[in-house]
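Breakdown of the fold
Spelled out, the chains give:
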Amino acid sequence: MKLNEIADNPGAKHTKKRVGRGIGSGLGKTAGRGGKGQTARKGGAKAGFEGGQMPIYRRLPKRGFNKPNQVDYNEVNLSRVQAAVDAKKLDASAPVTSAALVAAGVISAPLGGVRLLGKGEIKSKLNFEVYHATAGAVAAVEKAGGSVKMLKPVEKAPEAK
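So, here's what we can say about the structure. (Residues numbered from 1 in each chain as written. Predicted model: local features only at pLDDT ≥ 70, side-chain atom pairs only at ≥ 80, totals over all residues. Heavy atoms only, no water.)

Side note on the overall build of the protein
Across its full length, the protein carries 4 helices and 5 strands. For the protein, the sequential pattern of α-helices and β-strands runs α-β-α-α-β-β-β-α-β. The dimensions of the protein, computed from C-alpha atoms along their principal axes, are 85 × 65 × 30 Å. Across the protein, every contact between residues at least 6 apart in sequence was considered, and the portion connecting residues at least 24 apart equals 43%. When the accessible surface of the protein is totalled, it reaches about 13000 Å², and 52% of it is carbon and sulfur. (Helix = DSSP H or I, 4+ residues; strand = E, 2+ residues; numbered from the N terminus. Contact = heavy atoms within 4.5 Å. Areas by Shrake-Rupley, 256 points an atom, 1.4 Å probe, with all protein chains shown as cover.)

A word on the side chain of Asn74
Counting through the fold element by element, Asn74 comes out in strand 1 (residues 74-77). Of note is the side chain of Asn74, whose polar atom sits 3.1 Å from the backbone oxygen of Ala109. A polar side-chain atom of Asn74 sits 2.8 Å from the main-chain amide nitrogen of Leu111. When residues no more than four places from it in sequence are discounted, the contact partners of Asn74 are Ile107, Ala109, Pro110, Leu111, Gly113, Val114 and Arg115. (Polar contact = N/O pair within 3.5 Å; in protein donor to acceptor, adjacent residues only side chain to side chain.)

Some details on the environment of Asn74
On the accessibility criterion, Asn74 (9% relative accessible area) is buried. Separated by 42 residues in the primary sequence, Asn74 and Leu116 have C-alpha atoms spaced 8.5 Å apart. (Buried < 20%, exposed > 50% of the residue type's maximum accessible area, 1.4 Å probe, protein only.)

A closer look at the environment of Gly51
Relative to the assigned elements, Gly51 resides in the segment before helix 1 (56-59). Among the residues examined, Gly51 registers a relative accessible area of 64% and is labelled exposed. For the pair Gly51 and Asn4, spaced 47 residues apart in sequence, the C-alpha separation works out to 55 Å.

A look at the packing of aromatic side chains
All chains considered together, the criterion is met by 1 aromatic pair. Residues Tyr73 and Tyr131 carry aromatic rings whose centres are separated by 6.3 Å and whose planes lie at 40° to one another, so their mutual orientation is tilted. Of the two residues, Tyr73 sits in the loop between helix 1 and strand 1 while Tyr131 sits in the loop between strand 3 (127-130) and strand 4 (132-133), which places them 58 residues apart along the sequence. (Phe/Tyr/Trp six-rings, centres within 6.5 Å; stacked < 30°, edge-to-face > 60°.)

Things to note about the pairing of strand 2 (residues 114-117)
The alternating pattern of strand 2 places Val114 and Leu116 on a buried face, while none of Arg115 and Leu117, on the opposite face, is buried. Where strand 1 and strand 2 come together, 4 bridges link them in parallel fashion. Of the residues in strand 2, the one forming a bridge with Glu75 is Arg115. (Pairing = 2+ DSSP bridges.)

Dropping the structure here:
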């Protein structure tokens, strides 16, 4: 291979449009911006401004409610926990907490706590310490000989006005 034989892959380089170079180029005079007015100018219109018409974000009604002190939980299925036990990443004798699940790679980062969901089956006798568990998950864990301890979520203090 020689330096003069090196070339880009086809389509790797995109040639820039040269605007305002005369009427014959097809992009002369207004340079592809159309006629006069606000949109022909640099900067254009303000985002969301509809020329005096009531903007869509004001025409549509507000929906729902965003809880200010909402807590995000890590949702973990029983099948995922059993896979970690089978792979010997999770110790079956120690209690299964959010820290143990992070160490095993079941969850990437502990959020507000762990919610145990009942998808899949569990064969190992495990003792869970979680903030929430579905009825099906609790039944499956107890059927396998384990237990589920519900932790009390840490309540945030109301903000002073």
